[in-house]
Amino acid sequence: LLEPGEKFIYKTQLEQFQIKMLAGWRMVESEYKIHSIRRKLTTGVTAPYACTIHAVLKYDGEESPYNVYNEQVALRLAQTLHIPVADGVLAATADGPAYASIKVNPIDLPDMSETDREREKVAILYPDESAALVAFDILIGNDDRASNIKVTQRTRHIKIFRAFDHSHALLNIEGDPCECIKRLKSSDMIVQFHPFFEKLSKAALERWVARIEVTEEDYIRECCIFGKNFRDVTETMQHDLADALVWRKANLATIIAREINKIAPLP
Amino acid sequence: MRLEYYLIQYIDDPLRNEGRNIGVMAHDGSCAYFRALGDSDNPDEVDLSYFEAMTEKTRQNGWVYREWLNWFDTLAKNEGRYPDRLSRVLGKLEAQGANFVARYGGVLDVDDEIIPEAMVNELFHTLVGKPVRKAQSKFTACLEQLLANTDIKTRPDYDWDVEVEFFDKSGKLSSSVRLPHILKDKPRTVFKIVRFRTNNQSFIRQVNDAIFTFQEVQKNGFADKGRCVVLTEPYPADKSSYLDRLAAVAQIVDVTAKDAAAHLLSIVNAAG
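From a predicted model like this one, the values you see are computed outputs, not experimental measurements.

This next bit is on the overall build of chain B. Helix and strand counts for chain B stand at 9 helices and 9 strands. A compact globule built from 272 residues should have a C-alpha radius of gyration of about 19 Å, whereas chain B, at 24 Å, is more than 25% larger. Its C-alpha atoms put chain B at 70 × 45 × 40 Å along the principal axes. Accessible area of chain B: about 13,600 Å², with a carbon and sulfur share of 48%.

Dropping the structure here:
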């Protein structure tokens, strides 16, 4: 039996593929460490093992009544657009589905420092990730990024950049979800403060906005629409949110251009 | 002068919530001061060994400690002027269920003539001290020192405890080998450790494993012989034949030798 987190495999037949990936631009990929490896499964030619990994369970609450839906939609959008957010899954609980945000390491990393100088360092260390996150947060109307990012700064051989917590975006920008959808479908940038405003590169931001703008409508809709009511989020709300986000992604460059002085990207 | 302080603790298992003292954060109303186990003015020189010696989890994740020390240090330097903000940020750690928390210690009335740094040092030695580390063998200490001196562990292509699987033309797994250390970028350098000063059975197993590993690595074009490295120690005369067998497939580096770092760097930096 393998020790947890001990095994990394290089499949030499895939090497050519891996080299191709490395030669081009790529996002830093983090690995989720295993909490425990259990029994070997008897089926499957790949000889799989059952295992457990660390996660944080999140529910709907008074302050964020659509939290589970928000987190799941934000994750789907981020995965579709290749934005570096912490992975997660829906988990069955007695209270219905909850959102399990997977921890990037068995021992927590600190949240990104709230000081300006440190944020600047992170933006320099992770220029594409920080630009991607700004574009994404404007898309989903997340004005609460604050320090909700797990990032390594001092460990040169381990690169981790993962944003988390989307409880105050999408249907929870303000109290009434209909108002949230209205704001998303308007030229309101919503995000008034972001840790990477005034620190990110203009070229990187433009590249990410362009990527988001050309994303097919259907992909965005599929991220929002679950095909049935989900907790307190009705199908109608899901469709309305999808419409708003499709509109918003198509107009993202214009929305950003109007408030470019606030974002103040570096040339 | 009033010095308010917090005890910084590491919690291995948030369910048990048992903290181990690792540092002290204190403020005098206008500045904050931070001291922790293994700290250093240079973040790259933080001594992780005290933290790594605590539990199995910390042994495998020692690097996280450096990130936290940097975080606390930055917090002290930037928020130290604002005690309320400092207290709020420290308080959040416990609420988040983090592995590192700050627990309120109390207030000390300190003579104005005593400089705060000295008082914090005294607090640190009283509350944290230096925990006992498991004594390292000379070989382990030399090996760690060698990897540190040659900056191998901080190279971006460095990895450890790697398993490499080789496949035949039909895609079937033909063999797999384990490497305690590797530099992944081409031309790759791969390492095995062979301890001569151990019992005979274990020694022969190590030698056979190293020879098999290097043969497979070279046969599959993963690394050249010039970049297959045996990290070892001075060998007894009766085992010299084993050294010859190892030398036939790899470069031998005695980690206890004075010129070990230069020798290792000459291998790692050799043109591909």
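Glancing now at the sheet that holds strand β3 (residues 32–36) of chain B. Residue and element names in this part refer to chain B. Taking strand neighbours across the sheet as the criterion, the 4 strands line up as β3-β2-β1-β4 in an open arrangement whose pairing is antiparallel. Of all the strands in the sheet, the pair left with one neighbour each is β3 and β4 (100–109). Within the sheet, the average angular offset between the axes of one strand and its neighbour, ignoring direction, is 25 degrees. Judged from the 9 bridges that link them, strand β1 (residues 2–11) and β4 form a sheet pairing that is antiparallel. Within β4, the position partnered with tyrosine 5 by the bridge is glycine 106.

This part is about the pattern of salt bridges. All names here are of chain A. Overall, the coordinates contain 29 salt bridges over all chains when judged by the stated rule. Of the charged contacts, one joins aspartate 108 and lysine 103 as a salt bridge, the two residues approaching to 3.0 Å between their closest N and O atoms. The exposure classification of aspartate 108 matches that of lysine 103, with both residues buried. Between arginine 207 and aspartate 128 there is a salt bridge, and its shortest N-O distance comes to 2.3 Å.

Turning our eyes to something else, we now look at the packing of aromatic side chains. All names here are of chain B. Considering all chains together, one arrives at 19 aromatic pairs over all chains under this definition. A ring pair is formed by tryptophan 68 and phenylalanine 72, whose centres lie 5.8 Å apart and whose planes are at 35 degrees; its orientation type is tilted. One end of the pair, tryptophan 68, and the other, phenylalanine 72, are both in helix α3 (residues 63–79), 4 residues apart, so they sit about a helical turn from each other. Taking the relative accessible area as the measure of exposure, phenylalanine 72 reaches 0% and is therefore buried. With a centroid separation of 5.0 Å and an interplanar angle of 85 degrees, the aromatic rings of phenylalanine 203 and tyrosine 242 are classed as edge-to-face. Taken as a pair, phenylalanine 203 in helix α7 (residues 200–219) and tyrosine 242 in helix α8 (residues 240–247) lie far apart in primary sequence, 39 residues in all. Looking at phenylalanine 203, the relative accessible area reads 0%, which means it is buried. Judged by relative accessible area, tyrosine 242 falls into the partly exposed class, the value being 23%. Site record: aromatic cluster; members linked through ring pairs are Tyr10, Phe34, Phe51, Tyr65, Trp68, Trp71, Phe72 and Phe100. The aromatic ring of phenylalanine 222 is capped on one face by arginine 188, whose charged end is 4.2 Å from the ring centroid. One cation-aromatic arrangement involves lysine 239 over phenylalanine 203; the distance from NZ or CZ to the ring centre is 4.3 Å.

Residues and elements named next belong to chain A. One way to put it is that helix α2 (residues 67–81) packs onto helix α7 (residues 217–224) with a least axis distance of 8 Å and a crossing angle of 155 degrees. By the angle between their directions, the pair α2 and α7 is classed as roughly antiparallel. Judged by the twist between their axes, the crossing of α2 over α7 is right-handed. Residue-level contacts link Tyr69, Val73, Arg76, Leu77 and Thr80 of α2 to Tyr219, Ile220, Glu222, Cys223 and Cys224 of α7. Here the contact of α2 with α7 is composed, by residue class, of 7 nonpolar, 1 polar and 2 charged.

Right, let's get into the sheet that holds strand β4 (residues 55–58) of chain A. Residue and element names in this part refer to chain A. Taken together, the 3 strands give an open sheet; going across it, the order is β4-β6-β5, and neighbouring strands pair in antiparallel fashion. Of all the strands in the sheet, just β4 and β5 (88–93) have a single pairing partner and so form its edges. The average undirected angle you get between the axes of adjacent strands in this sheet is 35 degrees. Where β5 meets strand β6 (residues 96–102), 6 bridges bridge the pair, whose relative direction is antiparallel. Each residue of the ladder has a partner; that of valine 89, found in β6, is alanine 100.

Here the focus is the nonpolar core. In terms of nonpolar packing, the biggest core is built from 63 residues, with Tyr69, Ile83, Phe136, Ile138, Phe196 and Leu241 of chain A touching the most fellow members. For this core, the leading source of residues is helix α4 (residues 127–140) of chain A, giving 9 residues. Beyond its immediate stretch of four places on either side in the chain, tyrosine 69 of chain A contacts Leu171, Cys224, Phe226, Phe230, Val233, Gln238 and Leu241 of chain A. Membership of the second largest hydrophobic core comes to 47 residues, among which are Ile8, Ile22, Phe34 and Val120 of chain B.

Turning next to the environment of tyrosine 10 of chain B. You can see tyrosine 10 of chain B is positioned in strand β1. Taking the relative accessible area as the measure of exposure, tyrosine 10 of chain B reaches 0% and is therefore buried. For the pair formed by tyrosine 10 of chain B and histidine 263 of chain B, sequence separation is 253 residues and the distance between their alpha carbons is 39 Å. Apart from residues no more than four positions distant in its own chain, tyrosine 10 of chain B is found in contact with Ile107 of chain A together with Glu18, Gly19, Arg20, Ile22, Phe51, Met54, Lys57, Thr58, Asn99 and Phe100 of chain B.

Residue and element names in this part refer to chain B. Confidence along chain B averages 88 in pLDDT terms, with 96% of residues attaining 70 or more. Put simply, strand β5 (residues 158–167) is where chain B has its lowest mean pLDDT, 77, and strand β8 (residues 228–232) is where it has its highest, 96. Predicted complex metrics record ipTM = 0.79 and pTM = 0.73.

Another aspect to go through is empty space enclosed by the protein. Under the definition given, this model contains 2 cavities of 30 Å³ or more. A volume near 80 Å³ is recorded for the largest cavity. What lines the largest cavity is Pro110, Asp111, Met112, Ser113, Glu118, Val151 and Gln153 of chain A together with Glu67, Asn70, Trp71 and Thr74 of chain B. Among the elements that make up the lining of the largest cavity, the one with the highest residue count is α3 of chain B (4 residues). Residues of the lining of the largest cavity, tallied by class, amount to 4 nonpolar, 4 polar and 3 charged.

Rules and cut-offs
Residues numbered from 1 in each chain as written. Chains lettered and ligands numbered in written order. Predicted model: local features only at pLDDT ≥ 70, side-chain atom pairs only at ≥ 80, totals over all residues. Heavy atoms only, no water. Helix = DSSP H or I, 4+ residues; strand = E, 2+ residues; numbered from the N terminus. Rg over C-alpha atoms; globule rule 2.2 N^0.38 Å. Areas by Shrake-Rupley, 256 points an atom, 1.4 Å probe, with all protein chains shown as cover. Pairing = 2+ DSSP bridges. Axes fitted to C-alpha atoms, helices over the stretch in contact; angles between N-to-C directions. Salt bridge = Lys/Arg side-chain N within 4 Å of Asp/Glu carboxyl O. Buried < 20%, exposed > 50% of the residue type's maximum accessible area, 1.4 Å probe, protein only. Phe/Tyr/Trp six-rings, centres within 6.5 Å; stacked < 30°, edge-to-face > 60°. Lys NZ or Arg CZ within 6 Å of the ring centre and 35° of its normal. Parallel < 35°, antiparallel > 145°, perpendicular 65-115°, else oblique. Left-handed = near helix turned anticlockwise from the far one by under 90°. Contact = heavy atoms within 4.5 Å. Nonpolar A, V, L, I, M, F, W, Y, C, P; charged D, E, K, R; others polar. Core = buried A, V, L, I, M, F, W, Y, C linked by side-chain atoms within 4.5 Å. pLDDT = per-residue confidence, 0-100. 1 Å grid on protein atoms, 1.4 Å probe; cavity = no way out; pocket = protein on both sides within 12 Å on 5 of 7 lines; lining within 4 Å. Points joined across faces, edges and corners; volume = space filled by probe spheres on them.

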